[in-house]
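# Observations on the three-dimensional arrangement
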Amino acid sequence: MDNQTTGGLGDIILRLFFALWPDESVRSRLVETAARLPRGTGRRVPAANFHITLEFIGPANGDMRLCLEEAAGRVTVEPFDLVLSRYGYWPQPRIIWFGPHHLPPELLALAFKLREAAEACGVDAETRPYRPHVSLLRKVARQPAWPDVKPIEWPVREFVLCQSVGTDKGPSYEILQRWPLGSGTTAR
């Protein structure tokens, strides 16, 4: 399905997901981390697309988007620090990623609460275990030897709702809404 097609009621269908979005400092460190991987290993993910998915929504119309935004505005989790400190490889879908060794309880709580919010809005929630990561390379034939790891400290202070848009060069992500972490979360 095209990322933006007309639904039965004339609503535009969006491909959505909740995510952690790195600031420029974290993003530049992720670029350095990806650059340490051997050249020719796979296709590099554009730095503008670096994120950690919290909950994948998939196709959603305007009514579902509104429901998701309202539900996300009621999610309360305190800010936390995340340390990305390990490379990983998934043979299917052939991705090299960078992620945390240890999962802060606040991260797990945020992902769980957003999954509940999505289900309340009619989304068929993901059934696989939650494995937070930043995809660095795609279309990787086999796992390379890992370079030395330089941990990245990521102060997580907000989460976002994103739209995935298909382009000739692969997906591009657009932030639709932001919510700060902490009690009394409201959209920005």
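Our subject is the structure that appears above.
Residues numbered from 1 in each chain as written. Predicted model: local features only at pLDDT ≥ 70, side-chain atom pairs only at ≥ 80, totals over all residues. Heavy atoms only, no water.

Before going further, it helps to examine the environment of P144. Tracing the sequence through the fold places P144 in the loop between β6 (134-138) and β7 (152-156). When its relative accessible area of 15% is taken as the criterion, P144 is described as buried. Setting aside residues no more than four positions away along its own chain, P144 makes contact with P38, T41 and I96. (Helix = DSSP H or I, 4+ residues; strand = E, 2+ residues; numbered from the N terminus. Buried < 20%, exposed > 50% of the residue type's maximum accessible area, 1.4 Å probe, protein only. Contact = heavy atoms within 4.5 Å.)

What follows deals with the state of the cysteines. Scanning the entire structure with this criterion turns up one disulfide. Across a sulfur-sulfur distance of 2.1 Å, C67 and C121 are joined as a disulfide pair. In this structure the cystine formed by C67 and C121 twists about its S-S bond by roughly -85°; its chirality is therefore left-handed. Of this pair, C67 sits in helix α2 (residues 62-73) while C121 is found in the loop between α3 (105-120) and β6, placing the two residues 54 residues apart along the sequence. (Disulfide = S-S within 2.5 Å.)

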